Amino acid sequence: MASTIRVRAIASGDTTEVQSLIQHPMDSGFVKDAKGEVIPPHHIEVVQFEHGGKTVFTALWGPAVSKDPYLKFSFKGGKKGDDLKVSWVDNKGASDSLTAKIQ
Amino acid sequence: MNEFGGVPDRGRRIILKSAVAGGLVGLGFGSFPFPAFANADAKDWPADAFKQKSEADALKTLYGKSAEASDKVNLDAPEIAENGAVVPIAITSTLPNVTGIAILVLENPFTLAAAYKIPEGTQAAAASRLKMAKTTKVVAVVESGGKLYSATKEVKVTVGGCGG
Amino acid sequence: MLRKVLFAVALVAGTVQPLLADNAVNPQADFKAFRKYFTERFPKLPLNDFVNGPYSMDEGLRKQWQAKEEFPPYDFALDKGKEMFAKPFKNGKTYADCFPNKGIGVRQMYPMFDAKSGEVITLDIAINECRQVNGEAPLDYLKDDMASLTAYMAFTSRGKPMDIKILNDPRALAAYKKGEEYFYTRRGQFNMSCASCHVQNPGNHIRTEMLAPALGIMNALPIYRSEWGSMGSTSRRLTTCNSQIRGVPLKPEAEEYRDVEYFLSYMANGLPISGPGARP
């Protein structure tokens, strides 16, 4: 099954810029379905980015983060060809991870 | 994607995951003597902070402090949101030694929208897309040198992001 | 507020004079008049920018759109469309076997007038015809699969100029004329025509929505609407437009819809395909 995680990591000089898009409903728990019943909260809680064995970014997300959540950040280090590992876990205990190559 | 349907014991689930990840049968994620890739860990999630309903309470619960306004925190947010379900927000800061960034949406049911941990070597910047229930003040908070600094902007929301 | 807006629109519009040359069907003259109207109304707007709808009309909206286009929410629907496009039918054939140029970079030719059947064929119809010929069930015009597939095909045409041919065939000219009439005819409880909003009021608000100009309005379809949180097909947008003015929506791909798509797409000839698009 295709990963839920899309990553674009681009190294430029001594900085790597990372953009990610993750496929996830991010249900807030405040929306009702067609039958008028509340759709229970279902959202990513933690997203972690690792490079060279070190965590370079951690996102802690609540239900107010938009569906198919996006993230952009930059860190020092990282060169073309390096691995960047991304993983997430949600409030139902589901998870996914992906290793992307820095371009 | 692993689906652990209906298993209530989170601790056990995490250990199972780490075993799968690389034979590391850990009993938690304190400090390992060797670098190990740790998957995103639900134990890191500050559940209480995400339950708070005011700026003061959210920051107290998350960081144990309150924030002072600073022009060294830059919050890029639209004046009028195209749609409250997807509002692009970008935060940057020129403050030194930034260790955390948090975004608060004051009129949302829960104030804290997102928080970011910024390790050394990572820039004091984060961009994301948030839901806003209605016209609201948005507060960007940056943790620098152990203190909190903030910038506030009002975002007008005509089509609410919580299904309304 | 809405009443004020509607009153203002009715007052200003009166009977919206079609931007037409005269009574005989003269698409080329209509084209010139239509284009002149919009370029004179928005003299500072680069011609190609009209295809961006409300984003061409408002700087605040444009900034949010551009931020999201860096990594668009419709990325997943687009990839799904690509997979669908490549997947063979049960008989081993693919969409590539039905379309010119293997179906890549052809969206800008639709709708086209099919001389054999005497009908206006939209891309969505061509897709279902392809499926039918190859023993597959048709896709629902309103649902996600059609939206994803047309999103991918539109993507392969991004940047290409709209290229609609009004054949010198009385049936093609009649379809074009019917499309134009549909566009300018008032309907629904609110008694508004497509033109009331998209010719008389581009850049203005109706309730909380900013109105797009009619010039180039088909070029971004299908669209991912923030409001829907998903990609929606052309039929989805046209039927909801009808509902929004409290008119009775027609069946997806009804003759009138196909004709108005034919008319509007021809008016946009030369303007780039921007689909799949994003909208509020």
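The rules we used
Residues numbered from 1 in each chain as written. Chains lettered and ligands numbered in written order. Predicted model: local features only at pLDDT ≥ 70, side-chain atom pairs only at ≥ 80, totals over all residues. Helix = DSSP H or I, 4+ residues; strand = E, 2+ residues; numbered from the N terminus. Rg over C-alpha atoms; globule rule 2.2 N^0.38 Å. Buried ≥ 20, exposed ≤ 12 C-beta atoms within 10 Å, placed from the backbone. Contact = placed C-beta atoms within 7 Å. Domains from an automatic or database assignment. Nonpolar A, V, L, I, M, F, W, Y, C, P; charged D, E, K, R; others polar. Pairing = 2+ DSSP bridges. Expected span 1.5 Å × (residues − 1). Axes fitted to C-alpha atoms, helices over the stretch in contact; angles between N-to-C directions. Core = buried A, V, L, I, M, F, W, Y, C linked by C-beta atoms within 7 Å.

(A) How the structure looks around the overall build of chain C. In terms of helices and strands, chain C carries 10 helices and 7 strands. By the compact-globule yardstick of 19 Å for 280 residues, chain C fits well, its C-alpha radius of gyration being 18 Å. In terms of overall dimensions, chain C has C-alpha extents of about 60 × 45 × 35 Å along its principal axes.

(B) Seen up close, the overall build of chain B. Helix and strand counts for chain B stand at 2 helices and 9 strands. Helices (α) and strands (β) of chain B occur, in sequence order from the N terminus, as α-α-β-β-β-β-β-β-β-β-β. Looking at the 164 residues of chain B, the share that counts as buried comes to 41%. Contacts in chain B between residues at least 24 apart in sequence constitute 63% of all its contacts with a sequence separation of at least 6.

(C) Quick look at the domain arrangement of chain C. Residues and elements named next belong to chain C. Structurally, chain C comprises domain 1 (2–72 + 167–279) and domain 2 (75–155). Taking the mean C-alpha position of each, domain 1 and domain 2 sit 23 Å from one another. The element contributing the most residues to the side of domain 1 that touches domain 2 is helix 10 (residues 255–267), with 5 residues. A per-class count over the side of domain 1 that touches domain 2 returns 12 nonpolar, 8 polar and 7 charged.

(D) Representation of the interface of chain A and chain B within the structure. Taken together, the contacts link 40 residues of chain A with 43 residues of chain B. Elements that contribute at least two residues to the side of chain A that touches chain B include exactly strand 3 (44–51), strand 4 (54–61), strand 5 (70–76), strand 6 (83–90) and strand 7 (95–101) of chain A. The class makeup of the residues in the side of chain A that touches chain B is 19 nonpolar, 14 polar and 7 charged. Bridge count between strand 4 of chain A and strand 6 (residues 112–117) of chain B: 4 bridges; the pairing is antiparallel. Paired with Trp61(A) across the two strands is Ala114(B), which belongs to strand 6 of chain B.

(E) A look at helix 6 (residues 144–155) of chain C. All names here are of chain C. Helix length check: helix 6 (12 residues) gives 16 Å between terminal C-alpha atoms against 16 Å at 1.5 Å per residue, within 8%. Those residues of helix 6 not exposed but buried are Met146, Ala147, Ser148, Leu149, Thr150, Ala151, Tyr152, Met153 and Ala154. Contacts made by the buried residues of helix 6 are with helix 4 (75–86), helix 5 (123–133), strand 6 (230–232) and helix 9 (234–244).

(F) Highlighting the interface of chain C and chain A. At the junction of the two partners, chain C supplies 6 residues and chain A supplies 7 residues. Split into classes, the residues belonging to the side of chain C that touches chain A amount to 3 nonpolar, 1 polar and 2 charged.

(G) How the structure looks around the pairing of strand 8 (residues 136–144) of chain B. All names here are of chain B. Among the 9 residues in strand 8, 8 count as buried, and that is most of the element. Here 9 bridges tie strand 8 to strand 9 (residues 147–157), and the two strands are oriented antiparallel to one another. The residue of strand 9 that forms the bridge with Val141 is Ser150. Following strand 8, the chain reverses through 2 residues before pairing antiparallel with strand 9; Gly145 in that reversal takes a positive phi of roughly 55°.

(H) The arrangement of the sheet that holds strand 5 (residues 223–225) of chain C in detail. All names here are of chain C. The strand order 6-5-7 describes an open sheet built from 3 strands, whose pairing is mixed. The open sheet terminates on both sides in strands that have one partner only, identified here as strand 6 and strand 7 (277–279). Neighbour to neighbour, the strand axes of the sheet diverge by 35° on average, direction disregarded. As defined by bridge partners, strand 5 adjoins strand 7 across 3 bridges and the pair is classed as parallel. Looking at strand 7, one finds that Tyr224 is bridged to Ala278.

(I) Seen up close, the nonpolar core. Ranked by internal contacts, the top residues of the largest apolar core, which has 73 residues, are Ile103(B) and Val141(B). By residue number, the principal contributor to this core is strand 5 (residues 98–105) of chain B, which donates 6 residues. Apart from residues no more than four positions distant in its own chain, Ile103(B) is found in contact with Ile89(B), Ile91(B), Ala113(B), Ala114(B), Leu130(B), Val138(B) and Ala140(B). Counting 68 residues, the second largest nonpolar core, distinct from the first, contains Ala151(C), Met153(C), Ala175(C) and Ile273(C).

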